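Listed below are the residues making up each chain.
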Amino acid sequence: MKNGKLPRTVTNWDAEGLATVYGCHCGTEYFGQLGDGRAVTITEHEGYEIQLKGSTQTPFSRGFDGKATLRGCVRELLGCEGLSGLNVPTTLSLSVIGTGEIIERPWYSNNDQPRNTGRKFPPMHMGRERAAVLTRLAKSFLRMGHFEIHWLRGESEELRKLVLHGMDVLDIGDYDGDWNVRVKEFVNEVSRRQAYLVASWLRVGYCQGNMNSDNTAVTGVTLDLGPFAFVDKYSRDFQPFTSDGGGRFGLCMQPSAALTAVKVWATAVGACVEGGGGGEEIAMEAERTFREAFEKEWREVRRRKLGFETYTARVGDLWGGLEELMERTKHGVDFTVLFASMVNVGTGGAGVEEGWEAIREAFYALDEAPGGRVEEEDEWKVWLREYLEAIEAEGGRGEGRVDIMTGANPLVVPRNWIMYECYEKAGGGPLAEGEGGGGEDKDFEKIRDMMEVVANPYQIYGGVDERIYGRTPKEYVGKPGLAFLS
Ligand SMILES: Nc1ncnc2c1ncn2[C@@H]1O[C@H](COP(=O)(O)OP(=O)(O)OP(=O)(O)O)[C@@H](O)[C@H]1O
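Computed from a predicted model, the values in this text were never measured in an experiment. (Residues numbered from 1 in each chain as written. Predicted model: local features only at pLDDT ≥ 70, side-chain atom pairs only at ≥ 80, totals over all residues.)

The description of two packed helices rests on the angle between their axes and on the distance between the axes. Running from N to C, helix α3 (residues 156-169) and helix α4 (residues 179-204) point in directions that differ by 60°, and their axes come no closer than 10 Å. With respect to their mutual orientation, α3 and α4 come out oblique. Considering how the two elements wind past one another, α3 and α4 form a crossing that is left-handed. In this structure, α3 uses Val163, Gly166 and Met167 to contact α4, whose residues at the interface are Arg182, Val183 and Phe186. Classifying every residue of the contact of α3 with α4 gives four nonpolar, one polar and one charged. (Axes fitted to C-alpha atoms, helices over the stretch in contact; angles between N-to-C directions. Helix = DSSP H or I, 4+ residues; strand = E, 2+ residues; numbered from the N terminus. Parallel < 35°, antiparallel > 145°, perpendicular 65-115°, else oblique. Left-handed = near helix turned anticlockwise from the far one by under 90°. Contact = placed C-beta atoms within 7 Å. Nonpolar A, V, L, I, M, F, W, Y, C, P; charged D, E, K, R; others polar.)

What follows deals with the domain arrangement of the protein chain. For the protein chain, the assigned domains read domain 1 (174-304) and domain 2 (309-395). A C-alpha centroid distance of 30 Å is found between domain 1 and domain 2. The interface of domain 1 with domain 2 comprises 11 residues on the first partner and 12 residues on the second. The greatest single-element share of the side of domain 1 that touches domain 2, amounting to three residues, is contributed by helix α6 (residues 278-306). Considering only residue class, the side of domain 1 that touches domain 2 consists of three nonpolar, two polar and six charged. (Domains from an automatic or database assignment.)

A word on the packing of helix α13 (residues 416-425) against helix α14 (residues 445-455). Interaxial distance between α13 and α14 falls to 7 Å at its minimum, and their mutual angle equals 150°. Across from Ile418, Glu421, Cys422 and Lys425 in α13, the residues of α14 making contact are Lys446, Ile447 and Met450. Looking at the contact of α13 with α14 residue by residue, the classes come out as four nonpolar, no polar and three charged.

Let's shift gears to the site of the ligand. Looking at the ligand, there are 16 residues lining it, with Leu34, Gly37, Ala39, Phe64 and Asp224 nearest. For the shell around the ligand, a count of residues per class yields three nonpolar, six polar and seven charged. (Near = placed C-beta within 6 Å.)

A separate point is the nonpolar core. Of all hydrophobic cores here, the largest spans 117 residues; its most connected members are Val74, Trp265, Val269 and Cys422. When residues are assigned to domains, this core turns out to be shared by domain 1 (174-304) and domain 2 (309-395), each giving three or more. Those residues within four positions of Cys422 in sequence are excluded, and the remaining contacts are Val74, Leu78, Lys446, Ile447 and Met450. (Core = buried A, V, L, I, M, F, W, Y, C linked by C-beta atoms within 7 Å. Buried ≥ 20, exposed ≤ 12 C-beta atoms within 10 Å, placed from the backbone.)

We now examine the confidence of the model for the protein chain. Considering every residue of the protein chain, the mean pLDDT works out to 92; 94% of them sit at 70 or more. Across residues 1-13, where pLDDT falls below 50, the model places 26 contacts with residues more than four positions away in sequence or in other chains. At the level of chain-chain contacts, confidence expressed as ipTM amounts to 0.98, with global pTM at 0.95. (pLDDT = per-residue confidence, 0-100.)

Set out below in structure tokens:
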């Protein structure tokens, strides 16, 4: 691993930072050399690597300012806290500290309209925003791109050293010193972790937005919570990141995007197999392992979300029917509210009508259609009948089912509008003409409240704004910078 001495110290204590170089694949396409352009590792503490994001330029800043917005830092803080509470592997954030600086960033205007995925749609307007520094930590920030750059440069010694380091981080056994077996085990472990990660994302409706190899941690944690969002109105193609040409990183494309990333990375790592020619074979092994691990975990996700003891073909069919219905429902169905309320379907001998009443609150037609009418009500009731029959057949109307479902279906996720209200109150986001300069009294209370709420997503947290447990409020649906962002 190459590292550069930083041109400036990070803070006024005497820490010397470390910024690393890495490459970047988007799918199979190589984007060239990147590196920690605004992230700096300052120390290790009790097995955790601690980084500052937005504190300074580094040798890899490529002419950018090395800074981060308060908006982005608050989003990463709450996003990590939320994912962690949801039991989804993630890096963690410790703090956000405003620097008092104002920086310029491109942003959307209020009139911008979302467009189809497949069209690049970066923000066109420059806005002024407050800057901040995020402190974050992880067992390791080792990215797939760290390996790929040495592979592409033909730096076999560096690649081997990095693979050894990766083995150390993931605790790969010695296998009697058989290097090739160790490499295979390393690649398999990374493949399994990526499969588990994307299945977990689908469980909670998380879309990472940008899944390039510089944002993919080999430890299988969510890394770089940038243009991410949790889906509100369910769609397989949901993608908040407007620069995703072709929609290749949309919500339900994430497993195949992760598989591509794993295969490219495994090919790179395979280059250090002794005897040569390892890349292709290792990539095939990685693909097999990924597919197997994903299929296993994805079954688990569907079983648990629907509240069954055992996964059967019937559960798969129910899921397929439900997904199709969610997608087709005209005004949209809220993914989180739907599954959170489904725990009340069929309890105490209740039938289809009661089931329908239990899930109705998930439908955006309540806000958007005349009289709140859901046009597809009859079809939903047909699905509910099939669902009730299936849980009846499994004998699953009791406590067991409730436990399974409540552990898989959160009541709250850090939605973009929730994070918006948090950073907005703290002074983040685009500033109005003449606003800024620091010194204003900003309100951080909402961030603190929300940290507690999203850290406990499987329970109602008393005394906070009730809207956070419901559909995305009407005024935020489709809003530039929330419904879609860069
Ligand atoms: N303001 C900036 N100054 C310097 N480098 C930047 C800046 N913004 C982004 N970069 C660099 O550009 C690349 C792509 O940025 P991206 O937004 O994916 O990552 P990031 O959010 O900055 O970083 P990380 O992946 O560490 O969370 C990264 O290498 C990043 O370090």
